[in-house]
Structures are given as structure tokens and as C-alpha cells.
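Results of the structural survey
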Amino acid sequence: MSEQLTKPRLAPGPRTTLGDRVRQLRVARGLTQTELAGERFSKEYVSQIERGKTRPTGDTIEWLAVRLGVDPSFLETGISSTERERAESTISRAEAALESNGYQEAVDALTELKPSLSAVAAPELEFRTLLAEAWGRMYLGELRAAVGLVERARELAESPAFTDVDRADVLFRLGCCRWKLASVSTAVSLFTEAFELATRSGLPSDRLRSNILQWRSRCYQRQRDWEAAREDVERALELAEGLNDKKTVAHVYFQASLIAERNGRWVLARSYAERAKSLYEEAADQVNAGKLLNNLGGLNFLLGKPDEAIKYLKDAFAVALEVGSDVDAAYAVSSMAQVHLRTGKIDLAEEQARHALELLNGRVEHLDEIGNAQLVLGRSLLDQERLDEAEEVFRLAEESFAQLSSASHRAAAWIAQGDLATRRGDDRQAAHLYRRAAETLQDFRF
């Protein structure tokens, strides 16, 4: 019976080299250099390997591994093939969890893997781990931690062992983090650099490039550059459809719907939203399908169908609760508050706006929705003649929107403050605020 190949315990301390492992394993088995060399090599050759003066070939490593009773992978890298397979399996499960929006599950798995991964001389596994953990933490609202992880991946990617597509992927994820931190101009630069790098590489990267374009379109929407946003979405859709990737196509249609809605093309926006929702459902992506219910609720309200809007929004809230997403629940509640405000149900609008703000507390990557909820709350207070309370909430809304670097969002706050000034009979201040808002290219709608 052949001897079982196992990984022995080596002396503790800094990471060992191949030569260190050969020497320690030889000594552990009670072999001299001559005995290890046998008839195949000389004692001097074994000595050179142990001192790191020469690098054995793959065939030699396999022969030495058999002689020393370990698997070749462990002798070469310091980690057994079983350990590497275990690490790869954990990383793959985490990446699959991210695809299914299981962000906490992925982060937990990768955090548990870290202690054992640190001993693995496998930069490509560390790279995948850093990007996966960063993506999970970004969606959990841990933005600074996510940026730190991506920066570490960026350092790793400078190695010749990585491709320009790997480096483009790092820039893309860093751009996503910067977008969520409201650094829109920085995000645009990172997305542009990532897209150009991936394109120049000549390597397959259509999915990455489609994702870069649809994320950059979000930046252009924030900057009110609708033509650039539309062009990016069209290019992203062409790339995604070429892949036959339903989920990526759905992401693009989602952005196309938002662009059409901001430009007042509500029927077209609804059509795109329904298409995106259908694709998410086919891809079994319940989280994003739920988000589309929220958008469809808003679009139906804009199209004069408040009852249908409320039904969609209630369904969106139910899905958010089912998948455990406080953020998506907040968006649905905030939208319901806005519908109730505009249909005269003031008390309900106030209650729901406060609920949305509670759910979004501390989530700085959602400042746009925080500001929207603050405006709804302020207007509900204004309609109840609680003017001082409304003034404070409108001030908070302006502060929220100011952090987005979005003039159109701030204009919405100035109009609300102008309405407050009018209610107080301060026509001069109201005119100033209205004029200030009018001087921006306001595109703020539902």
C-alpha cells in the first residue's frame, strides 16, 4: 500500500521557501541529502535547492514530493492542494452569494477564510477575495472599508501576473465605491479609465465593459448630462445582449427606465421597467425585481394611476421585508409617503416619511432618498402649519442634497423653502429662493 500524502507541521515563523520545506521535510523523515538525492541527483544539487540557489523543475518537484511524503502543491507553495481547493470553494461560494445579493453571507464566509488564506501563496485567490469582500461591504454600507479592500487589490493587480482586465475590474469597483460616496466626478474618471483599459486589453471583457457603462450612466444622470447617460446605456445594452446575459441586460434596462423617466417619457420608462423586472424574475433575482416594483409604482402615479401605484409600492415593501433589505423597504415607504402627500393624506405621509428616514439612518450612500424623504416630511409638516418644524426638515434636506453635488436636487429643496417663505408671508425671500431654483437646470420629479 502506498504511503498517504499528508501535510506535516513545519517550524513556526515567517513563510517558508521551497528550499526551507525540502530541508525541514527531509530532516523530519530522517534523511540525509545523499539519501534524498538517491540515484537521480547529487547531494550538491539537493543542497542548492535547500539553499534557494536553484529552482527545481515541475517533474523534480513531483519526484521530491513522493520521496518526502507530501503532495507536490504543498512542496511548491506551502499549501496542500486540499487547502487550496477549500479556499477556492469558499471564494466561489461567496461570489455566488454576491450574484444572489447575499452580501452579508459573502462577507461572513470571506472573513472566516482570511486566517487560512494568509498562509496561501496564491495572489490570484487573495485578489478575488479582496474584490468580493469589497463588493459585499459596499452594498452593506461599509464604504470606507470597501475602498480600503479595493485599494489593496489594486496594489496586487500591479503584478505582471494580472491582466489589464483585472486592473480595469479594480478601477470599476473603486468607481462604484466613489459613486456611492457621492464623489461623482472621481467616479466618472475611474469608470472611463476602466473602460478604456479593458477595451485596449483585447481580452474578453464585454460583461465588465457593459457594467462600467451602465454605472457611468448613473454619474451622468446625477450630472444631468442626459445625452451622455443615454449613449452609455445604449452601448451597455449592445454589449449585454451580445452575451445573452439576462441579469446584465436587466441592469441596463433599469437605467434606461430611469433616464426616460427623468426626461418625462413616462410610458417608455414604464415599458423599460417592466422589461427589466421580467428579466430579473427570469434570473431569479428577487431583490432587484422588488426594486422595479417600487419604480413602477412611481411611474404609475405619474401616469395618473394612484391606486395602481400604491399596490406596486406595497408589493415592493413586502418583497423588501421578505429578502431582509431595510434600504429597499425604506425606498418603498418613502415612495408611498410621496403618493399620500400628493393625494392629501397628510398624516399618513408624515408617518411614512419618518419611517423611511429611520430605515435609512446612517446610510450615507443613499443621500438622494434621504433627502427625498426629508422633503416629503417637511411638506407634510408645512401642510399642517407646523412651520418651524418644516423649516428645520427642509434645511436638513438641502444639506443632504448638497453632499450629492446635484444642483437639481438642491433646487427641489429651495422650492420647498420658497413655499415655506410664502406661507409665512415673506414674499421677498420666497422670490429669492424660487429664482435661485429657476437658475438651475431643474429636472427633479417624482
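Residues numbered from 1 in each chain as written. Predicted model: local features only at pLDDT ≥ 70, side-chain atom pairs only at ≥ 80, totals over all residues. Heavy atoms only, no water.

Turning next to the overall build of the protein. Looking only at helices and strands, the protein features 23 helices and zero strands. Relative to its length of 446 residues, the protein is extended, with a C-alpha radius of gyration of 29 Å against a globular reference of 22 Å. Within the protein, buried positions represent 50% of all 446 residues. For the protein, long-range pairs separated by at least 24 residues make up 59% of all intrachain contacts whose partners lie at least 6 apart in sequence. (Helix = DSSP H or I, 4+ residues; strand = E, 2+ residues; numbered from the N terminus. Rg over C-alpha atoms; globule rule 2.2 N^0.38 Å. Buried < 20%, exposed > 50% of the residue type's maximum accessible area, 1.4 Å probe, protein only. Contact = heavy atoms within 4.5 Å.)

A separate point is the packing of aromatic side chains. The tally for this structure, following the rule as stated, stands at 10 aromatic pairs. With 4.6 Å between their ring centres and 10° between their planes, Tyr 103 and Tyr 139 make a pair best called stacked. Note that Tyr 103 is positioned in helix H7 (residues 103-117) and Tyr 139 in helix H8 (residues 123-139), a separation of 36 residues in sequence. A relative accessible area of 15% places Tyr 103 in the buried class. (Phe/Tyr/Trp six-rings, centres within 6.5 Å; stacked < 30°, edge-to-face > 60°.)

This part is about the environment of Ile 370. On the secondary structure map, Ile 370 appears in helix H20 (residues 367-383). By relative accessible area, Ile 370 is classed as buried at 12%. In sequence terms Ile 370 and Glu 88 are 282 residues apart; their C-alpha atoms lie 39 Å from each other. Setting aside its immediate chain neighbours within four residues, Ile 370 contacts Leu 357, Leu 360, Arg 363 and Ser 400.

This next bit is on the packing of helix H12 (residues 206-222) against helix H14 (residues 246-262). Remark: H12 packs on H14, axes separated minimally by 10 Å, with the N-to-C direction vectors making an angle of 15°. Comparing the axis directions of H12 and H14 gives the class roughly parallel. Both H12 and H14 take part in a crossing whose hand is left-handed. Counted together, Arg 207, Ser 210, Asn 211, Gln 214, Ser 217, Arg 218 and Gln 221 of H12 and Thr 248, His 251, Val 252, Gln 255, Leu 258 and Ile 259 of H14 form the full contact between these two elements. When grouped by side-chain class, the residues that make up the contact of H12 with H14 number three nonpolar, eight polar and two charged. (Axes fitted to C-alpha atoms, helices over the stretch in contact; angles between N-to-C directions. Parallel < 35°, antiparallel > 145°, perpendicular 65-115°, else oblique. Left-handed = near helix turned anticlockwise from the far one by under 90°. Nonpolar A, V, L, I, M, F, W, Y, C, P; charged D, E, K, R; others polar.)

Taken N-terminus to C-terminus, the directions of H20 and helix H21 (residues 387-402) make an angle of 165°; their axes are 8 Å apart at the nearest point. Classified by the interaxial angle, the pair formed by H20 and H21 is roughly antiparallel. For the pair H20 and H21, the sense of crossing is left-handed. Contacts between H20 and H21 pair Leu 367, Asp 368, Ile 370, Gly 371, Asn 372, Gln 374, Leu 375, Leu 377, Gly 378, Arg 379, Leu 381 and Leu 382 from the former with Leu 387, Glu 389, Ala 390, Val 393, Phe 394, Leu 396, Ala 397, Ser 400 and Phe 401 from the latter. Within the contact of H20 with H21, the residues separate by chemical class into 13 nonpolar, five polar and three charged.

If you look at the biggest cluster of nonpolar residues, it comprises 77 residues, and the most contacted ones within it are Met 138, Phe 172, Phe 191 and Trp 215. Apart from the residues within four sequence positions on either side, Met 138 is in contact with Leu 143, Ala 146, Cys 176, Cys 177, Lys 180, Trp 215 and Glu 365. (Core = buried A, V, L, I, M, F, W, Y, C linked by side-chain atoms within 4.5 Å.)

Another aspect to go through is H21. In an α-helix there are 3.6 residues to a turn, and that puts residues three or four apart on one side. Given a rise of 1.5 Å per residue, 16 residues ought to cover 22 Å, and the 22 Å separating the end C-alpha atoms of H21 matches this to within 8%. If you check which residues of H21 are buried, you get Leu 387, Ala 390, Val 393, Phe 394, Ala 397, Glu 398, Ser 400 and Phe 401. Projection of H21 onto a plane perpendicular to its axis shows the buried side chains occupying an angular sector of 160°, all on one side. Check the buried side of H21 and you find it contacts H20, helix H22 (407-423) and helix H23 (427-438). (Expected span 1.5 Å × (residues − 1). Arc of directions from axis to C-beta.)

With that out of the way, let us pick up unusual backbone geometry. With a phi close to 70°, Ala 182 is a non-glycine residue in the positive phi region. Mapped onto the elements of the fold, Ala 182 is located in the loop between helix H10 (164-180) and helix H11 (184-201). Phi at Ala 284 takes a positive value of approximately 60°, unusual for a residue other than glycine. Given the relative accessible area of 69%, Ala 284 is considered exposed.

Let us now look at the side chain of Arg 173. Here Arg 173 shows up in helix H10. Reaching out from Arg 173, the side chain makes a polar contact with the side chain of Asp 169 at a distance of 3.0 Å. Among residues more than four places away in sequence, those in contact with Arg 173 are Leu 131, Trp 135 and Val 150. (Polar contact = N/O pair within 3.5 Å; in protein donor to acceptor, adjacent residues only side chain to side chain.)

Once that is clear, we can look at the pattern of salt bridges. Counting across every chain of the model gives 34 salt bridges. For the salt bridge of Arg 167 with Asp 164, the shortest nitrogen-to-oxygen distance reads 3.1 Å. Taken together, the residues Arg 167 and Asp 164, both in helix H10 and three residues apart, mark about one turn of the helix. With a closest N to O distance of 2.4 Å, Arg 395 and Glu 392 form a salt bridge. (Salt bridge = Lys/Arg side-chain N within 4 Å of Asp/Glu carboxyl O.)

A word on helix H4 (residues 58-68). Among all positions of H4, only Thr 60, Ile 61, Leu 64, Ala 65 and Leu 68 are buried. Seen end-on, H4 carries its buried residues on one side only, within an arc spanning 140°. Turned more than 90 degrees from where H4 packs its buried face, Asp 59 and Val 66 sit exposed.

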